[in-house]
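# Structure assessment
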Amino acid sequence: MTKLFLRFFRWYCHPKLRSSIEGDLIELHREREERLGKRRADVLFAFDVILLFRPGIIRPSEGHHQLNQYGMFKSYFKIGWRTMLRSKGYSAINIGGLALGMTVTILIGMWIFDELSWNKSFENYDRTGQVMVHNGDGTHPSNPVPLAGELRSNFPQYFKKVSLCSWPWELAVVAGDKKFIEQGIFMEAGGPEIFSLNMIYGSRKAPGKPKTVVISESLSKKLFGDADPNGQTIRVKNSVDATVTGVYKDFPSNSALYQLNLIGSWDFLYEWMSWMRESQSRWDNNSFKLFVQLQDGVSFEEVSDRIKDLKKPHLNAERLKDNPQLFVHPMSKWHLYSTFGNRQIITSDAIQLIWLYSTIGTFVLILACINFMNLSTARSEKRAKEVGIRKTMGSLRQQLITQFLSESFITVMIATIFSMVMVLLVLPYFNDIAAKQIAFPWTNSFFWVAILCFILIAGLMAGSYPALYLSSFKPVKILKARTTSLPRKILVVAQFTVSVTLIVGTIIVYQQIQFAKDRPVGYDRYGLIKVHMITPDLYKHYQAIRSELMNAGFAENVADANGPTTDVWSNTSGITWEGKPDAMESDIAVNWVTTSYGPTIGWKISDGRDFSDEIASDSSAIVISRTAARYMSMQDPVGKEIRWDENRYHVIGVIEDMVIGSPYQPIKPAIFFHTHGDLYTMNIRLNRSLGLQEAMAGVESVFTKYTPSVPFQFSFVDDDYNNKFASEVRVGKLASVFAALAILISLLGLFGLSAFIAEQRTKEIGIRKVIGASITQLWAMLTKSFVFLVGISCLIAFPIAWYALSGWLTRFEYRIEISPWIFPIVIAGALAITLATVSYQAIRAALANPVDSLKAE
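Here's what I pulled together on the structure shown here.

Conventions used here
Residues numbered from 1 in each chain as written. Predicted model: local features only at pLDDT ≥ 70, side-chain atom pairs only at ≥ 80, totals over all residues. Heavy atoms only, no water. Axes fitted to C-alpha atoms, helices over the stretch in contact; angles between N-to-C directions. Helix = DSSP H or I, 4+ residues; strand = E, 2+ residues; numbered from the N terminus. Parallel < 35°, antiparallel > 145°, perpendicular 65-115°, else oblique. Left-handed = near helix turned anticlockwise from the far one by under 90°. Contact = heavy atoms within 4.5 Å. Nonpolar A, V, L, I, M, F, W, Y, C, P; charged D, E, K, R; others polar. Buried < 20%, exposed > 50% of the residue type's maximum accessible area, 1.4 Å probe, protein only. Arc of directions from axis to C-beta. Pairing = 2+ DSSP bridges. Core = buried A, V, L, I, M, F, W, Y, C linked by side-chain atoms within 4.5 Å. Phe/Tyr/Trp six-rings, centres within 6.5 Å; stacked < 30°, edge-to-face > 60°. Lys NZ or Arg CZ within 6 Å of the ring centre and 35° of its normal.

## Topic: the packing of helix α1 (residues 2-12) against helix α2 (residues 15-36)
- Close contact between α1 and α2 brings their axes to 11 Å; oriented N to C, the two are set at 160°. Viewed along their axes, α1 and α2 adopt a mutual orientation that is roughly antiparallel. Here the hand of the crossing between α1 and α2 comes out right-handed. Mapping the contact onto sequence places Thr2, Leu6, Phe9 and Arg10 in α1 and Arg18, Ile21, Glu22, Leu25 and His29 in α2.
- Its residues placed into classes, the contact of α1 with α2 shows four nonpolar, two polar and three charged.

Next up, the structure:
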């Protein structure tokens, strides 16, 4: 890249200045290369070369030695500035439209950069991976404990670090009188080094010691202020005292560990999970994540091929039917390539959003540039006589080109300044909608190079027509004829095609979201809250809490479950039943629930009965969903038997299907097992006869009574369900904003063009009024061409929108069909806003006194 820009510099630089400036540039580049690295030095070199492209350094054209180039360019900019001020309305429309387009593009560009930078804050980004497994129920990251030891012992040539890790937990953290609920995980000793924790106090190796934790900077400030917390004791999960041995900087928002505020030593799990010691040797208990750091020179493909069959010798025949295959998923693919199908990576939602926003940003910017170019070409026609006179007076074509381009660059630079201001103003709101924490890239050299390139490209695009086209005409032709308006009509059609496509897309996205939101979920989610059992005190006092909530009238019912109502926490492929095909790889959601679970959440029994504490045999009973009955080909499922490993269960009831996974996907078969054990999620049906605030205050008082040292934390199941639409809602909101800005940019251009045409036809309108034309006839004459162009835009936009949105909807199994009624509604809306925009100028021109327009004749 350096050679290319050096050649460009030698081409444009004045020979008398070339050697001295070139020497300074090369010397500065070498100094930066040693200090900043070759990549940044090359970018800064290119930036310097572009900045030097200015009057006083540019060499004169061959055969035309200008003695005062600076004065000439100063004159051009003065003329351009005065021309802009003389046409304040057109200039404001030009600058405003272009600034809006640039604002949208800059925001989308920063969003895309944030997505592409995911996890790059980790030092070992290129060498870190997660061990995952393909098997019968899909692809997942859960692995058994013995696998970590096998990788360490038998494959040291491939792995530098290996660390088991728990799933993220909500943990009660208490220090003195301060208590918080924080997200935490537990890692083996090598985990903090794999993730290259940026330590403020202590060492990355600290969590290797028993009963120790390292905490984030934000949690440290909440617990201990600005003091060094090393050696301080905190209570975790209200059951175990832990020593703080380090503080790390908070992870950025675009990382896999964002909002992770506590990392504890691995031995904590033995305190809370009685089955952990048994799991040390069990290969069929897939309960943990496994992260690795590869040795230098080793590829992820090579390692994955080497370890893919490691689990098979340790599994029974039933588990081997799923053909489990291990592989290492690189950190570079965790965010954008994390969706799997048929044991292969498929296009993820994140990648699709990047393509979607890239397309929208590109089109909005093109639309703004079209608007800019359209108005520039329109105004240039008014200056055609000026060009002819200047050429008659002896102006060279190169001088005319420079004149028009300088005016264009002035407008683009002003629009760029306005767009920067708008980005700074709207960035907080954009972050709220996009769920991001993007900061303005003041120090990013690539950002400023991109902005500079845009100024050059947009300036050339907008100024190319008057600069190259008009300056090439012969003076006689310019002075006698009017230039064609066909290019302008094509640009108007292109503008509204983009705008109408975005409007149709916004409507369909909204309809799809509402369609999924209104889907019957199979239970009553209103007035139902979920409380995670984050401390042993909740397990110990569960029955007392349940009784007091119901006796005090705060709750209608309370039940316990292993997983939440709105999500699938556990799947299995090991269930068999009579008539199951040998080659069938089953994939069934499972949950463990207490007796009162059904009445609490309000599921609907369609066949058989619910669980009962009065029937002893219900300890081996199950309730299945209607989809599970169809999945297992059971015509009359009540009383049928299923087997899971060595255990046998009998079906006592069938429930109507519940949406417990994605609301956009088909209902997943589900089985509910009966248990009395300690489970993770408490479900509380609030008393409907009480007000919400009164009921919640009562519930909180009961929990505070039994767990006074732990904050009461809950969530409404209805909110949990609505959060499933967060991604699509963000897409809909951003699409609607972009569509509104696109139509606004188009209307600004239309307003400017209609004003120009009305001004251009002032004398024609005056003559028509004198000979008897009515205001309605003049209005129709001035608006019909715009209505025709917008109509053509709609005809072009509808097939494009239909094709693009049909492809987007295929992502969802549960989706709408695109209604043909959308298109007439959009046509009517587009024509209405077009007429409203154009009519102002048309009626204003039609009402003007013809004497004023004709007296000059």
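Structure's up, so let's keep going.
## Structural notes on helix α11 (residues 300-307)
- For α11, every residue scored as buried is listed here: Phe300, Val303, Ser304 and Ile307. Viewed end-on, α11 has its buried residues packed into an arc of 100°, placing them on one side of the element. The exposed set on the far side of α11, more than 90 degrees from its buried face, consists of Glu301 and Asp305.
- Looking at the buried side of α11, the elements it contacts are β1 (128-135), α6 (145-154), β3 (159-165), β11 (289-294) and β12 (325-330).

## Focus: the pairing of strand β10 (residues 262-265)
- With four bridges joining them, strand β5 (residues 178-187) and β10 adopt parallel strand pairing. Along β10, the bridge assignment pairs Met187 with Ser265.
- In this structure, strand β7 (residues 212-216) lies alongside β10, joined through three bridges in antiparallel fashion. Across the sheet, Val214 pairs through a bridge with Ile263, a residue of β10.

## Details of the nonpolar core
- In this structure, Trp111, Tyr357, Phe430, Val504 and Trp603 are the most contacted members of the largest nonpolar core, which totals 110 residues.
- Contacts of Phe430, omitting those with residues within four sequence positions, involve Leu107, Trp111, Ile438, Leu734 and Phe738.

## Overview of unusual backbone geometry
- A positive phi angle, near 55°, is found at Ala435, a position not held by glycine.
- Tracing the sequence through the fold places Ala435 in the loop between α15 (397-434) and α16 (445-469).
- The backbone of Ser633 sits at a positive phi, close to 55°, despite the residue not being glycine.
- One can find Ser633 in the loop between α22 (626-631) and β22 (641-644).
- For Ser633, a relative accessible area of 60% translates into the label exposed.

## Points about the environment of Cys165
- As for its position among the elements, Cys165 is in strand β3.
- Residues contacting Cys165, with those up to four places away along its chain left out, are Ile185, Phe186, Met187, Trp266, Phe288, Lys289 and Phe291.

## Concerning the packing of aromatic side chains
- A complete count under the given rule lists 39 aromatic pairs for this structure.
- Ring plane angle 75° and centroid distance 4.9 Å describe the contact between Tyr649 and Phe673, whose orientation is recorded as edge-to-face. With Tyr649 in strand β23 (residues 647-655) and Phe673 in strand β24 (residues 670-674), this residue pair connects regions lying 24 residues apart in the sequence. Taken individually, Tyr649 and Phe673 each receive the classification buried, so the pair is uniform in this respect.
- Judged by centre distance (5.3 Å) and plane angle (25°), the ring pair of Phe712 and Phe714 falls under stacked.
- Here a set of aromatic residues connected by ring pairs shows up, and it is made of Phe122, Phe195, Tyr248, Phe251, Phe291 and Trp334.
- Here Lys517 stacks its cationic end above the ring of Phe725, 5.9 Å away from the centre of that ring.

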